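Survey of secondary and tertiary structure
Now for the letters of each chain:
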Amino acid sequence: MAEITGDQRVQSEVLEGLATAVNHRRWFVELAVPYLGDNPIEIGSGLGDYALEWSENFPRFTATEADPDRLVALKERLADRPSIEVRQMLLPHSEQGDYSAAVSYNVLEHIEDHVGALRSMAQLVRPGGAVVIIVPAFQFAMSPADIATGHVRRYTKKTLANAMTEAGLQVEKIHYANALGLIGYFMATKVFRLMPKEGPMVKVYDTLVLPATKAAEQLVRPPFGQSVFAVARTPA
């Protein structure tokens, strides 16, 4: 069974802080929805913020979490949502499934064997289904915040595409997202060595900067970003 990396307390604090970035989350929710089918599974649901929004679009949804304490909190938070199943899951694993898609946001960078993890996600998905991933971008942005939260690496489009291909997936779409967010993250966490927690900086960014960034990137894909978004298919 894979080891959970990083300080779980720090991870939870960061998740709680980023939960206030509502516009950012809704943008990234929208990116995945067209590829998730009718019965998706989320790998690494954390506090359940994405699960709650995604589940509104589907008759069934499965949320998973590796950390035992966060799993308890996740089950409590989603207890009144009968359409959402909550279960523990660590990657890599050998489980087979028939989900319409697997979606995993900001999880793969925590896993040493990321190719094995992607293979595990693919095994959960029916033939031709999607594996939808978001990971943090660019190794030069690796900061003390990354290390504290257990990040093993950050990605480029090329390194993520290579990992997906090695895992037997067929890359359908891959692009950077949130260009201005990369600049802000680099300055905050690498230069000023801050943690990305709730506060005025996150609020201003999410309210004023994020909507303009989203609108611009819907017209033109940027050559860099805070995240890499990718969709790959399992062999039909």
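Rules used in this analysis
Residues numbered from 1 in each chain as written. Predicted model: local features only at pLDDT ≥ 70, side-chain atom pairs only at ≥ 80, totals over all residues. Heavy atoms only, no water. Pairing = 2+ DSSP bridges. Helix = DSSP H or I, 4+ residues; strand = E, 2+ residues; numbered from the N terminus. Axes fitted to C-alpha atoms, helices over the stretch in contact; angles between N-to-C directions. Contact = heavy atoms within 4.5 Å. Buried < 20%, exposed > 50% of the residue type's maximum accessible area, 1.4 Å probe, protein only. Phe/Tyr/Trp six-rings, centres within 6.5 Å; stacked < 30°, edge-to-face > 60°. Core = buried A, V, L, I, M, F, W, Y, C linked by side-chain atoms within 4.5 Å. Parallel < 35°, antiparallel > 145°, perpendicular 65-115°, else oblique. Left-handed = near helix turned anticlockwise from the far one by under 90°. Nonpolar A, V, L, I, M, F, W, Y, C, P; charged D, E, K, R; others polar.

The protein chain is annotated in an unreviewed UniProt entry as Methyltransferase family protein of Micromonospora lutea.

**Quick notes on the sheet that holds strand E2 (residues 61-65)**
Spatially, the seven strands line up as an open sheet ordered E3-E2-E1-E4-E5-E7-E6, and their pairing is mixed. What marks the edges here is a single partner per strand, and that holds for strand E3 (84-88) and strand E6 (170-177). Averaged over all pairs of adjacent strands, the angle between strand axes in this sheet comes to 15°, irrespective of strand direction. Pairing of strand E4 (residues 99-105) with strand E5 (residues 125-136), which is carried by six bridges, proceeds in the parallel orientation. Directly across from Tyr-105, in E5, lies its bridge partner Ile-134. Each of E2 and E3 is contacted by helix H4 (residues 68-77), which is oriented at about 165° to E3, the strand it contacts most.

**What to know about unusual backbone geometry**
Cis geometry marks the peptide bond from Leu-91 to Pro-92, where omega comes out at -5°. Within the element layout of this structure, Pro-92 appears in the loop between E3 and E4. In this structure, Phe-138 takes a positive phi of about 75° despite not being glycine. Its location among the elements puts Phe-138 in the loop between E5 and helix H6 (144-148). Here Phe-138 falls in the buried class, since its relative accessible area comes to 14%.

**Some remarks on the packing of aromatic side chains**
Tallying each qualifying case throughout the model produces nine aromatic pairs. Taken together, Trp-27, Phe-28, Tyr-50, Trp-54, Phe-61 and Tyr-105 form an aromatic cluster joined through their ring pairs.

**Here's the deal with the nonpolar core**
Core analysis: the largest hydrophobic core is formed by 33 residues, its most contacted members being Leu-108, Leu-118, Met-121, Ile-133, Leu-160, Met-164 and Leu-169. Only E4, helix H5 (114-123), E5, helix H7 (157-166) and strand E7 (227-233) provide two or more residues apiece to this core. The biggest single contributor to this core is H5, with five residues. Discounting residues that sit within four places of it in the chain, Ile-133 has contacts with Ser-104, Tyr-105, Leu-108, Leu-118, Met-121, Leu-160, Met-164, Val-228, Phe-229 and Ala-230. With 30 residues, the next largest nonpolar core counts Leu-52, Leu-74, Ala-130 and Val-231 among its residues.

**Looking at the packing of H5 against H7**
In a pair of packed helices, the angle between the axes and the distance between the axes together describe the arrangement. Two numbers describe how H5 lies on H7: the axes approach to 8 Å, and their chain directions differ by 60°. On the basis of their axis angle, the class for H5 and H7 is oblique. Crossing angle aside, the handedness with which H5 passes H7 is right-handed. In this structure, H5 contributes His-114, Val-115, Leu-118 and Arg-119 to the contact, and H7 contributes Ala-163, Met-164 and Glu-166. For the contact of H5 with H7, a count of residues per class yields four nonpolar, one polar and two charged.

**Quick look at the packing of helix H8 (residues 179-191) against helix H9 (residues 200-219)**
Close contact between H8 and H9 brings their axes to 8 Å; oriented N to C, the two are set at 150°. As judged from the angle between their axes, H8 and H9 are roughly antiparallel. Of the residues in H9, those touching H8 at Ala-179, Leu-180, Gly-181 and Ala-188 are Met-201, Tyr-205, Val-209, Thr-213 and Glu-217. Its residues assigned to classes, the contact of H8 with H9 shows six nonpolar, two polar and one charged.

**Examining the environment of Pro-59**
As for its position among the elements, Pro-59 is in the loop between helix H3 (49-55) and E2. With a relative accessible area of 60%, Pro-59 lands in the exposed category. Setting aside chain neighbours within four positions, we find Pro-59 in contact with Asp-38 and Ser-83.

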